[in-house]
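Observations on the model geometry
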Amino acid sequence: MKFFLDTAMIEEIKQAKAWGFLDGITTNPSLAAKTGRPFEDLAKEILKIVAPAPVSLEVVATDVDGMIREGLNLAQWGINVVVKIPMTEAGMAATQTLSQKHGIRINVTLVFSANQAILAAKAGASYVSPFIGRLDDVGQDGMKLIAEIVDIYKNYSFSTQVLVASVRHPMHVTEAARLGAHVATMPFGVLRQLFKHPLTDKGLAAFLEDWKKVPAPAKQPQTSKV
Ligand code: E4P
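Just so it is clear, the structure is predicted and the values come from calculations on it, not from any experiment.

**What to know about the overall build of the protein chain**
Helix and strand counts for the protein chain come out as eleven helices and eight strands. In summary, the protein chain has a C-alpha radius of gyration of 23 Å against a globular reference of 17 Å for 226 residues, an excess of more than 25%. Each principal axis of the C-alpha atoms in the protein chain carries an extent, and together these give about 90 × 40 × 35 Å. Within the protein chain, contacts between residues separated by at least 24 positions form 58% of all contacts whose residues are at least 6 apart in sequence. Summed over its atoms, the accessible surface of the protein chain is roughly 12700 Å², and 56% of this surface lies on carbon and sulfur atoms.

Given below as structure tokens:
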């Protein structure tokens, strides 16, 4: 299973890379806004840091021609750009043109139903992003949607990867892995939580305390030099 970081914060990206658990990045306009930096500069820095791992950059046009124009421009910013396109009628037309005619990898975002995921796969998306946390927030079962999409994609051998998005806690990651989702994209805090268990901390503290009781090695007798 691949771990993507859902962030535009450079320090978080560098830390995850240093840990060796960074298979890609997803961004969106809200995450970009939090950095307070011009988007092109920011995106190019991220692309360079993580290359050749994929970085999803989202279009903000809402009409087909605008999305295609923006997608073609974004794709020139690095070899590892994945263009992120929202699940709309215009978005699906743009996805087909960008993926099939131009060979650009597309991540279809804001997916909340299995039928939307089928459309994304048929349009030629490389990734589909179901937002499970936002479904949970409105009282629907986000993880059930992941199970449905994984099943359906297997039925038809779709090559689109299921990218579990809007991940809020470590259990989302565990469940996504159990269901066989290809990717989970998560905030930095969730990635850090994956390392943690209170019994690990408690066990390590006890081992280090006990180690202090282990006798030091006996001193070697001095041998006189001839
Ligand atoms: C995914 O690509 C999105 O950027 C992200 O996962 C949205 O998450 P949120 O619902 O926490 O904003």
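From this point, things continue past the structure.
**With respect to the pattern of salt bridges**
One pass over the structure, following the stated rule, counts eight salt bridges. A salt bridge links Arg-37 to Glu-45; its shortest N-O distance comes to 2.9 Å. Judged by relative accessible area, Glu-45 falls into the partly exposed class, the value being 28%.

**Let's talk about the sheet that holds strand β8 (residues 183-186)**
Sheet strands associate in pairs through backbone hydrogen bonding, adopting either a parallel or an antiparallel arrangement. What the eight strands build is a closed barrel, ordered β1-β2-β3-β4-β5-β6-β7-β8; its pairing is parallel. Adjacent strand axes in the sheet meet at a mean angle of 30 degrees when their direction is disregarded. Inspection of the sheet shows strand β1 (residues 2-6) paired to strand β2 (residues 24-26) by three bridges, in the parallel sense. When the bridges of β2 are listed, Phe-4 appears paired with Gly-24. Contacts from helix α5 (residues 89-101) reach β4 (81-86) and β5 (106-111), with the element oriented near 155 degrees to β4.

**Some thoughts on the packing of helix α8 (residues 142-155) against helix α9 (residues 170-179)**
Between α8 and α9, the shortest axis-to-axis distance is 10 Å and the interhelical angle comes to 20 degrees. Classified by the interaxial angle, the pair formed by α8 and α9 is roughly parallel. The crossing of α8 and α9 is right-handed. Each of Met-143, Ile-146, Ala-147 and Val-150 in α8 lies in contact with α9, whose residues at this interface are His-172, Glu-175, Ala-176 and Leu-179. Considering only residue class, the contact of α8 with α9 consists of six nonpolar, one polar and one charged.

**Things to note about the pairing of β4**
Of all six residues in β4, six are buried, a share of seventy percent or more. Side-chain alternation along β4 places Val-81, Val-83 and Ile-85 on one buried face and Val-82, Lys-84 and Pro-86 on a second face that is also buried. The pairing of strand β3 (residues 55-58) with β4 spans four bridges and is classified as parallel. Bridge pairing in β4 links Val-55 to Val-81.

**Here we look at unusual backbone geometry**
A cis amide bond links Ala-51 to the next residue, Pro-52, at an omega of 10 degrees. Non-glycine residue Ser-166 carries a positive phi angle of around 60 degrees. Within the secondary structure, Ser-166 is located in the loop between β7 (161-164) and α9.

**A short note on α5**
Between its terminal C-alpha atoms α5 stretches 18 Å, which fits the 18 Å expected from 13 residues at 1.5 Å a residue. For α5, the complete set of buried residues consists of Ala-90, Gly-91, Met-92, Ala-94, Thr-95, Leu-98 and Ser-99. Just downstream of α5 lies Gly-103, where phi reads positive at about 65 degrees.

Scoring rules and cut-offs
- Residues numbered from 1 in each chain as written.
- Predicted model: local features only at pLDDT ≥ 70, side-chain atom pairs only at ≥ 80, totals over all residues.
- Heavy atoms only, no water.
- Helix = DSSP H or I, 4+ residues; strand = E, 2+ residues; numbered from the N terminus.
- Rg over C-alpha atoms; globule rule 2.2 N^0.38 Å.
- Contact = heavy atoms within 4.5 Å.
- Areas by Shrake-Rupley, 256 points an atom, 1.4 Å probe, with all protein chains shown as cover.
- Salt bridge = Lys/Arg side-chain N within 4 Å of Asp/Glu carboxyl O.
- Buried < 20%, exposed > 50% of the residue type's maximum accessible area, 1.4 Å probe, protein only.
- Pairing = 2+ DSSP bridges.
- Axes fitted to C-alpha atoms, helices over the stretch in contact; angles between N-to-C directions.
- Parallel < 35°, antiparallel > 145°, perpendicular 65-115°, else oblique.
- Left-handed = near helix turned anticlockwise from the far one by under 90°.
- Nonpolar A, V, L, I, M, F, W, Y, C, P; charged D, E, K, R; others polar.
- Expected span 1.5 Å × (residues − 1).

Function-wise, these values are silent; they only describe arrangement.
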